[in-house]
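Chains, contacts and geometry: an overview
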Amino acid sequence: MAKILRVLREQPGIRLAGLMAPGAFWLSVFFLVPLLIMAWISFLSRDPLGFPTPPLTLQNYWEIIRDIRFAPSISLADGLAIRLFEGLYLELFWRSIWLSLLSTVITLLIAFPVALFMARLPPRYRNLALFLVMIPFWTNFLVRTYALQFMLRSNGPINTLLRALGLEPIELLFTPTAVMLGLVYGNLPFMILPLYTSLEKFDWTMIEAAHDLGADTLRAFQRVMLPLISPGLLAGSILTFVPAIGAYITVELMGGGRTNMIGYAIAQQFSASVNWPFGSAMSLLMMIIVTFAAVLYFRSGRGEYRNAI
Amino acid sequence: MASDVVLLGERSEIKPRPRKESRGIGLGRFALVTITFFTFAFLYVPIAVLIAFSFNSARTGATWQSFSLQWYERVFSNTRILEAAANSLIVAALATVGSVVIGTLMAIAMERYQFRAKLAWDALLYLPVIIPEIVMGISLLIFFAAINLSRGIVTLVISHIAFCMPFVYLTMRARLADFDRSLEEAAQDLGADEWTTFRRITLPLLMPGIISSALLAFTLSLDDFVISFFVTGVGSQTLPVYIWGQIRRGITPEINAISTLMLLLSIVLVVVAQLIQRRQRA
């Protein structure tokens, strides 16, 4: 033992390698390599059963962009939608990005006042409020989404109540709005908690100082508060947007699979209708979109921070 | 007093904004209270309703019949549910140990050493946090198929360590940044060798961080559905995968009972985490 330790002490390189090796191995073999294989498969053809097979091809990507054509339109079907192009998969990607962005904004608009209120509570109540956010935060996502779906079912508590009051039952599930509700419900704790953590540390006398220096409330918020709470804002938005765009449980339980989103469509290629190469291609595209969005978002956050200082 | 006047005189070019009337603040506060109240109601009503109906004797629908514990009895006498729960706990325990050890070592290496490709590793460690679970799930499915490893407990544990580890790493990295290294130096000045220093100084000081990252890893593993769904085998369903199958098959009141039990477990975990944090501060 002593001998080994002496070698370790004399060779910091070996010690570093020892510390890094297990993590580096795991991350490379069970994270990076699978992603690379997935990327590789996205350029392969499919055999009759839907599994990847040798000849290299761009068919899977062509399939995604094949039917895109120029067709400008405005519709009010799922909220305001302005389209320049049409295409089956283009719409799938666009709808997913749009629903995820919108759900992130709605979640933020609800979570911010809540986190603000919690941060300004006296310590005793603050801990209680924190506890109340932590429980859904730590509760199984599937269980919580199931609870919401149970409430809204055609023969669920809400409709039973309506019937008891002599009213017509309403179909609350299986619409884009229901999916949106599910996304907001599921992700709210992931937005409230990081926002609260940032706001709790915030020194309110700085707002007073800003006021004393002539800033109005909006300016004080923009120039003083926003830069200081941006870490919480970034973390909360990422923790909301990423699960939203890859949503599977919510799309199935709240939307009944009728409001299709990318994550759900990808899962379909690996379960119901087997087409691994095509699913891999969609997966790779989604990963690129999310990573790109995250990088862009982090950049903008840092830029804001720099301007403020 | 006189100096205050002078000071104010010097600053007179900047006009302080008049303080808001208390009525305005009251209105803002009222809005905050209302929004917070409705948000908590929104979060908790479905959960409360689910718990209530887990004690309902009715087989279908949402009409209240009578109080009953029959669904809990069913849960505890259903071997498939118990097996799934056991699988979940085994996988979570192994994934916790694995990810905490690997993640902590990596955090120490990244915090204390300078080396080439450090930035690349840092970026790679963030990637599992920002890419959607579904991508990780299917890429692991493809990987296990490619290396011909049959899906079961082993593939579950491997995958769970892979997605828990970055979270452990990030938690430990934050703790290590606040770590006071002079304590280690003091131990070594007093004649402790490196192993003793690690065992007697470093490890105990890192313990609170290790425990909270272990709790995080345990919860993440226990909660995971999407990744498990793709890497699980026929005989090795975890509890969320089992629940998913039952929900898709239709309404079974047993699911309400299992959900309530899982909720109870989360509450216990939150309380434990809070207690640990409080002890840490004290």
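Small disclaimer: the values here were computed from a predicted structure and weren't measured.

Let's talk about the overall build of chain B
Looking only at helices and strands, one finds 12 helices and 0 strands in chain B. Across chain B, helices and strands are ordered from the amino to the carboxyl terminus as α-α-α-α-α-α-α-α-α-α-α-α. Relative to its 282 residues, chain B shows a buried fraction of 35%. Of the contacts made within chain B by residues no fewer than 6 positions apart, 77% connect residues no fewer than 24 positions apart.

Regarding the interface of chain A and chain B
Opposite the 70 residues of chain A that make contact, chain B presents 68 residues. The element best represented in the side of chain A that touches chain B is helix α2 (residues 12–41) of chain A, accounting for 16 residues. When the residues that make up the side of chain A that touches chain B are grouped by side-chain class, the tally is 53 nonpolar, 13 polar and 4 charged.

Concerning the environment of Arg279(B)
For Arg279(B), the location among the structural elements is in helix α12 (residues 253–281). Placed 71 residues apart in sequence, Arg279(B) and Pro208(B) show a C-alpha to C-alpha distance of 9.4 Å.

Here we look at unusual backbone geometry
Apart from glycine, the bulk of residues carry a negative phi angle, and the bulk of peptide bonds sit in the trans form. Positive phi, normally seen in glycine, also occurs at Phe174(A), with a value near 65°. Within the secondary structure layout, Phe174(A) lies in the loop between α7 (157–164) and α8 (176–201). A positive phi angle is found at Ala117(B), which is not glycine, with a value near 65°.

Things to note about the confidence of the model for chain A
Summarising the model, chain A shows a mean pLDDT of 82, and 88% of its residues fall at 70 or more. Here residues 303–309 of chain A is a poorly scored stretch, pLDDT under 50, and it has 7 contacts once near neighbours within four places are set aside; other chains count.

Examining helix α11 (residues 239–249) of chain B
Listed in full, the buried residues belonging to α11(B) are Leu239(B), Pro240(B), Val241(B), Tyr242(B), Ile243(B), Trp244(B) and Ile247(B). Following α11(B) by one or two positions, Gly250(B) adopts a phi angle in the positive range, close to 140°.

A few points about the environment of Ser45(A)
All names here are of chain A. By the secondary structure assignment, Ser45 is in strand β1 (residues 44–46). As a C-alpha pair, Ser45 and Leu58 span 13 residues in sequence and 8.6 Å in three-dimensional space. Those residues within four positions of Ser45 in sequence are excluded, and the remaining contacts are Thr53, Pro55, Thr57, Gln59 and Pro277.

What about the environment of Pro22(A)?
Tracing the backbone shows Pro22(A) in helix α2. Exposure remark for Pro22(A): the 17 C-beta atoms within 10 Å place this residue in the partly exposed category.

What counts, and where the lines are drawn
Residues numbered from 1 in each chain as written. Chains lettered and ligands numbered in written order. Predicted model: local features only at pLDDT ≥ 70, side-chain atom pairs only at ≥ 80, totals over all residues. Helix = DSSP H or I, 4+ residues; strand = E, 2+ residues; numbered from the N terminus. Buried ≥ 20, exposed ≤ 12 C-beta atoms within 10 Å, placed from the backbone. Contact = placed C-beta atoms within 7 Å. Nonpolar A, V, L, I, M, F, W, Y, C, P; charged D, E, K, R; others polar. pLDDT = per-residue confidence, 0-100.

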